[in-house]
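Fold and geometry: a report
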Amino acid sequence: MKKLRVGIIGVGSIAHEHIQAYQKMPQVELVALCDINTEQLEKMGKQYEVPQLYKTKEALLEKADIDAVSVCVWNSAHAECAIAALNAGKHVLCEKPMAITVEDAQAMQAAAEANDRLLMIGFVRRFGNDTKIIMDFKEKDFFGEIYYGKATYLRRHGNPEGWFGDQSRSGGGPLIDLGVHVIDLLTYLLGKSRPVSVYGATFQKLFNRPDVKDKQGYISSTPGEIICDVEDLASAMIRFENGSVISIETSFSLNVNDDQQKLELFGTKGGAALNPSLKLSTNINGYMADVQLKMPTALSMDGLFYNEIHHFVECVLEGKDCLSPAQDGVVITQIIEAIYESAKTGHEVTL
Ligand SMILES: NC(=O)c1ccc[n+]([C@@H]2O[C@H](COP(=O)([O-])OP(=O)(O)OC[C@H]3O[C@@H](n4cnc5c(N)ncnc54)[C@H](O)[C@@H]3O)[C@@H](O)[C@H]2O)c1
């Protein structure tokens, strides 16, 4: 069996998921790691016993004998790392968000096409068991026409700090970091109709809550001065060509009782709520009925990364159709850029 030889660019927090997934797969050999932070690079190399360590993507791409890379750097470096890898003839799995501007996202897609390489975007929620089950119900026409979807992804005190609050490296706050997951998932579940207009609002009121003493949740591995010049709350409505609409709200910092991760779909025949387990609503024999499926907790990260990374490997080795291709990433980047634009001007943005 020919093994896929893989390298990882950016070995901070999320790289653990990529490394652990690749190391579980017999058809993959994780050959090399790369990071501009030498201390972090050496720590990860030692922890996972990866022999080849490179301080720059240029050195990795020139010297390591690899077929594919995972790009796990901060958001503003996704485009330069992915394009360099694609131009070096590697297949690329790029973490979400695809890029911080539409221009960058389009350049990444163009590099993939010019080099005839796969560029997959890490829209990890597409690979959940919950998503698979909803898609199964959708294909059997359980929902009828799905015309509205909404999602809340709210953290009360969950700015991961590091580069996450630094606009120049993140491209934004919870909208581009968390909102991207649910905008993508809703767009995917509703059938990927073309977005036509966007209305959004962002707020910068609580920053990273320097007044609150305890640190909680996901933390970036990148040290340094704490910068927070991104929004701490975003709310948006997106309208699609087929008439359907989605609405989302997402925060890093908000005076809300509990963190919330809820996603709902509403169709002419039935609806679905992930909160966090999946509940379906419909009429049975003329009576309104709720259906609680016996299934693993939904909207959980368990197994998601393995499923996503395994799919990437299958696409490269077996030529499977990619479930999360670059062109979808460009569309989601267009939506996010338009929400920030709408928030700035106070007006709807048409796409
Ligand atoms: N899919 C998900 O649910 C999920 C969850 C967390 C993070 N992410 C994404 O993963 C990416 C990384 O996030 P993280 O939390 O691991 O951040 P992190 O700060 O922990 O790690 C990022 C690493 O990238 C390195 N880096 C930056 N620029 C580089 C370059 N040009 N070349 C080589 N190394 C470089 C940094 O030194 C750092 O070690 C982000 O895009 C983030 O949005 C996705």
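Here the structure is a predicted model, which is why all the values come from computation and not from measurement.

1. Brief notes about unusual backbone geometry
- In this structure, the amide linkage connecting Lys 96 to the following residue, Pro 97, adopts the cis form with an omega of -15°.
- Following the sequence through the fold, Pro 97 ends up in the loop between strand E5 (91–95) and helix H5 (102–115).
- Here the phi dihedral of Phe 207 falls at roughly 50°; this positive angle occurs in a residue that is not glycine.
- For Phe 207, the position within the fold is in the loop between strand E8 (195–203) and strand E9 (233–240).
- Its identity as a non-glycine residue notwithstanding, Arg 209 has a phi of 50°, on the positive side.
- As for its position among the elements, Arg 209 is in the loop between E8 and E9.
- Given the relative accessible area of 10%, Arg 209 is considered buried.

2. Remarks on the pattern of salt bridges
- Taken as a whole and judged by the stated rule, the model has 15 salt bridges.
- Glu 80 serves as the salt-bridge partner of Lys 57, at 3.5 Å between the closest nitrogen and oxygen. With Lys 57 in helix H3 (residues 57–63) and Glu 80 in helix H4 (residues 78–87), this residue pair connects regions lying 23 residues apart in the sequence.
- Under the relative-accessibility criterion, Lys 57 is labelled buried at 14%.
- Given the relative accessible area of 47%, Glu 80 is considered partly exposed.

3. Points about the site of the ligand
- Around the ligand sit 29 residues, and of these Asp 35, Asn 75, Tyr 218, Ser 221 and Thr 222 come closest.
- Contact distances for the ligand include 3.2 Å between an oxygen atom and a backbone N or O atom of Val 73.
- Between a nitrogen atom of the ligand and a side-chain N or O atom of Glu 95, the distance comes to 3.0 Å.
- In isolation the ligand exposes 850 Å². Once the protein is present, 95% of that is buried.
- Applying the majority rule of atoms within 2 Å of the grid points places the ligand in the largest pocket.
- Contributions of two or more residues to the shell around the ligand are made by H4 and helix H8 (174–189).
- In the shell around the ligand, the residues fall into 14 nonpolar, 10 polar and five charged.
- Two domains share the shell around the ligand, each providing at least three of its residues, namely domain 1 (4–122 + 306–322) and domain 2 (126–300 + 332–350).

4. Some remarks on the sheet that holds strand E13 (residues 278–284)
- Within the open sheet, the nine strands sit side by side as E14-E13-E12-E11-E7-E10-E9-E8-E15. Their pairing is mixed. The open sheet has two edge strands with one neighbour each: strand E14 (287–292) and strand E15 (349–350).
- Examined bridge by bridge, strand E12 (residues 270–274) and E13 share five bridges and lie antiparallel to one another. Within E13, the residue paired with Ala 273 across the bridge is Lys 279.
- On top of the sheet, helix H6 (residues 129–139) reaches strand E7 (146–154), strand E11 (260–267), E12 and E13; it is set at about 15° to E13, its chief contact.
- Of the strands in this sheet, E8, E9 and E15 touch helix H10 (residues 326–345), which is tilted by about 50° from E8.

5. Considering the side chain of Ser 193
- Residue position: Ser 193 is located in the loop between H8 and E8.
- In this structure Ser 193 comes out as buried when scored by relative accessible area, which is 15%.
- Separated by 3.5 Å, the side chain of Ser 193 and the backbone nitrogen of Glu 241 make a polar contact.
- There is a polar contact of 3.1 Å between the side chain of Ser 193 and the backbone nitrogen of Asn 242.
- When residues no more than four places from it in sequence are discounted, the contact partners of Ser 193 are Phe 240, Glu 241 and Asn 242.

6. Some remarks on the packing of H8 against H10
- It is at 10 Å that the axes of H8 and H10 come closest, and there the two elements cross at 125°. Of the possible angle classes, the one that applies to H8 and H10 is oblique. Crossing of H8 against H10: the hand is right-handed. Counting all contacts with H8, which are made through Leu 175, Ile 176, Val 180, Ile 183, Asp 184 and Thr 187, the residues of H10 involved are Ile 332, Ile 335, Ile 336, Ile 339 and Tyr 340.
- Grouping the amino acids of the contact of H8 with H10 by side-chain chemistry returns nine nonpolar, one polar and one charged.

Parameters at a glance
Residues numbered from 1 in each chain as written. Predicted model: local features only at pLDDT ≥ 70, side-chain atom pairs only at ≥ 80, totals over all residues. Heavy atoms only, no water. Helix = DSSP H or I, 4+ residues; strand = E, 2+ residues; numbered from the N terminus. Buried < 20%, exposed > 50% of the residue type's maximum accessible area, 1.4 Å probe, protein only. Salt bridge = Lys/Arg side-chain N within 4 Å of Asp/Glu carboxyl O. Near = heavy atom within 4 Å. Polar contact = N/O pair within 3.5 Å; in protein donor to acceptor, adjacent residues only side chain to side chain. Areas by Shrake-Rupley, 256 points an atom, 1.4 Å probe, with all protein chains shown as cover. 1 Å grid on protein atoms, 1.4 Å probe; cavity = no way out; pocket = protein on both sides within 12 Å on 5 of 7 lines; lining within 4 Å. Sits in = over half its atoms within 2 Å of the grid points. Nonpolar A, V, L, I, M, F, W, Y, C, P; charged D, E, K, R; others polar. Domains from an automatic or database assignment. Pairing = 2+ DSSP bridges. Contact = heavy atoms within 4.5 Å. Axes fitted to C-alpha atoms, helices over the stretch in contact; angles between N-to-C directions. Parallel < 35°, antiparallel > 145°, perpendicular 65-115°, else oblique. Left-handed = near helix turned anticlockwise from the far one by under 90°.

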